[in-house]
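Remarks on the overall topology
What follows is the residue order along each chain.
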Amino acid sequence: MITFSIYPNLKVHQDQTNNPYIKDFIAALNKEGISKVINPPHKNPLLSLLKRKYWGKVWIFNWFESIPDYKYGPLQAVIACVLLIVLKLTNKKIIWVLHNQCSHATGYEQLKSFLARFISHRADLILTHSLEGIEIVRQNYPYAINKAIFMHHPTQNRLPLSLPKEDEKIYDLLIWGTITPYKGVLEYLSFSHQHSSTLRICIIGKCASENLKLQLQQYQSSYVTLIFKGVSFEELKSYIAQSHFVLAPYTPQSILSSGMLMDSLSFGAKVIGPAVGSFKDYSHEKTLKVYTFKQMEDIARIVHVHKEDKISLMDYQNFLDNNQWKLFAPRLIKHIQQHLKIH
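The structure contained in this document is the topic of the report that follows. Values in this document were obtained by computation on a predicted structure and should not be read as measured data.

1. Here's the deal with the pairing of strand β4 (residues 93–98)
Counting buried positions along β4 gives 5 out of 6 residues, so the element sits mostly inside the fold. Inspection of the sheet shows strand β3 (residues 58–62) paired to β4 by 5 bridges, in the parallel sense. Paired with asparagine 62 across the strands is valine 97, a residue of β4. Taken together, the 4 bridges between β4 and strand β5 (residues 125–128) define a ladder with parallel strand orientation.

See below:
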């Protein structure tokens, strides 16, 4: 039995929405029969890992470099570094999942850079869900390139039984998910307003701050629909069916892989995103309809040129089935057995 400790395994209240990545990751490992995650969810996912009873053979750290963004972040960063040193001294194996080029949030840049270098030296494997992630390791942490592996971001197959008709489309662009500054939503609405865009845009998601919400509301119009609430996957299915494209107007400086991209594809969406990371990877995948922009003016052109493009449910199904969570876990365990010699 391979035992795992996963950070951050955060305890989430029923009325909260969060990125399902960690929950799905843990569930996939626990289903294998030969692997088990032994640290339970906790309101303080780092400090809870100081208890020896939650120490697995393999430790998986997600967003390690972003620890300074949390409450008492600099102090937690010190604790994390000490913990990492102790884990190495006790022969635990470390996997760093490199999700982003850098932290999405601003502040503590030097500390975050230090943390990334710190864990890159001590990780036994560096896992990334974007081919560009391998290049980031090669450029920024060349001493660790032999430890870097690429695996597609896992997802699920939520495809409809049939494609919606064109007259059922209400929106040209759907932007969904928690609205935070790095996602570039405000910048895109400002750009659209300045250029008198007539694209029909729907934005649905909780807003990270009241100030950002107020700034977005000034752009609400007959062309821009704003719905400030969390969206369930059941609701998302309906919104995607009513939209020609899902748009990710993300600023490209930090993004690598995207759970939003994979979840959108899982519903059969056509997706527009920045020409970086997973968006760039899948824009070259002929079976998928993923389009990339380098400048915001590219987005309207993509809508105009590719609005009538049809997706193939069979092609999407093959992609999604080949990259589902239940296949991700055994593939990861195989890497662990081969590279880390743990059985």
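2. Observations regarding the environment of alanine 28
Within the secondary structure, alanine 28 is located in helix α1 (residues 21–30). Residues alanine 28 and serine 243, spaced 215 residues apart in sequence, show a C-alpha to C-alpha distance of 31 Å. In contact with alanine 28, not counting residues within four places along its chain, are Trp325 and Ala329.

3. Some details on the sheet that holds strand β2 (residues 35–37)
Read from one edge of the open sheet, 6 strands run β2-β1-β3-β4-β5-β6, paired in parallel fashion. The sheet is open, and its two edges are formed by β2 and β6 (148–150), each paired on a single side. On average, each strand axis in the sheet is inclined to that of its neighbour by 25°, with strand direction left out of account. Note: strand β1 (residues 2–7) against β2, 3 bridges, orientation parallel. By the bridge assignment for β2, isoleucine 2 is matched with serine 35. Contacts between helix α3 (residues 109–122) and the sheet are confined to β3, β4 and β5, with β4 contributing the most and set at about 135° to the helix.

4. Re helix α11 (residues 313–322)
For α11, the set of buried residues is Tyr316, Phe319 and Leu320. Along the axis of α11, the buried residues cluster in a sector spanning 95°; they form a single face.

5. Here we look at unusual backbone geometry
At the junction of tyrosine 7 and proline 8, the peptide bond is cis and its omega measures out at -5° in the coordinates. Mapped onto the elements, proline 8 comes out in the loop between β1 and α1. Positive phi outside glycine occurs at tryptophan 63, with the angle close to 55°. Summarising the element assignment, tryptophan 63 is placed in the loop between β3 and α2 (73–89). Taking relative accessible area as the criterion, tryptophan 63 reaches 17% and is therefore assigned buried. You will see that tyrosine 72, though not glycine, has its phi angle at about 55°, which is positive. Looking at where tyrosine 72 falls in the secondary structure, it is placed in the loop between β3 and α2. Looking at tyrosine 72, the relative accessible area reads 60%, which means it is exposed.

Definitions and cut-offs
Here, residues in each chain are numbered from 1, in the same order as that chain's written sequence. Note on the predicted model: pLDDT of at least 70 is required for a residue's local features to be given, and 80 or more for side-chain atom pairs to be given and counted; whole-chain, interface and lining totals, by contrast, use all residues. With hydrogens and water stripped out, all remaining heavy atoms of the structure feed into the side-chain values. Only protein chains enter the accessibility calculation, which uses a 1.4 Å probe; a residue whose area is less than 20% of its type maximum is buried, one above 50% is exposed, and one in between is partly exposed. Labels follow the DSSP assignment, with helices taken as runs of H or I lasting at least four residues and strands as runs of E lasting at least two, numbered in each case from the N terminus. Should DSSP find at least two bridges between two strands, the strands are regarded as paired. What makes two residues a contact is simply this: any of their non-hydrogen atoms within 4.5 Å. All axes here are fitted lines through C-alpha atoms, helices being fitted over the stretch that makes contact, and every angle between N-to-C directions spans 0 to 180 degrees. Directions are taken from the helix axis to each C-beta atom, and the arc is the one they span.

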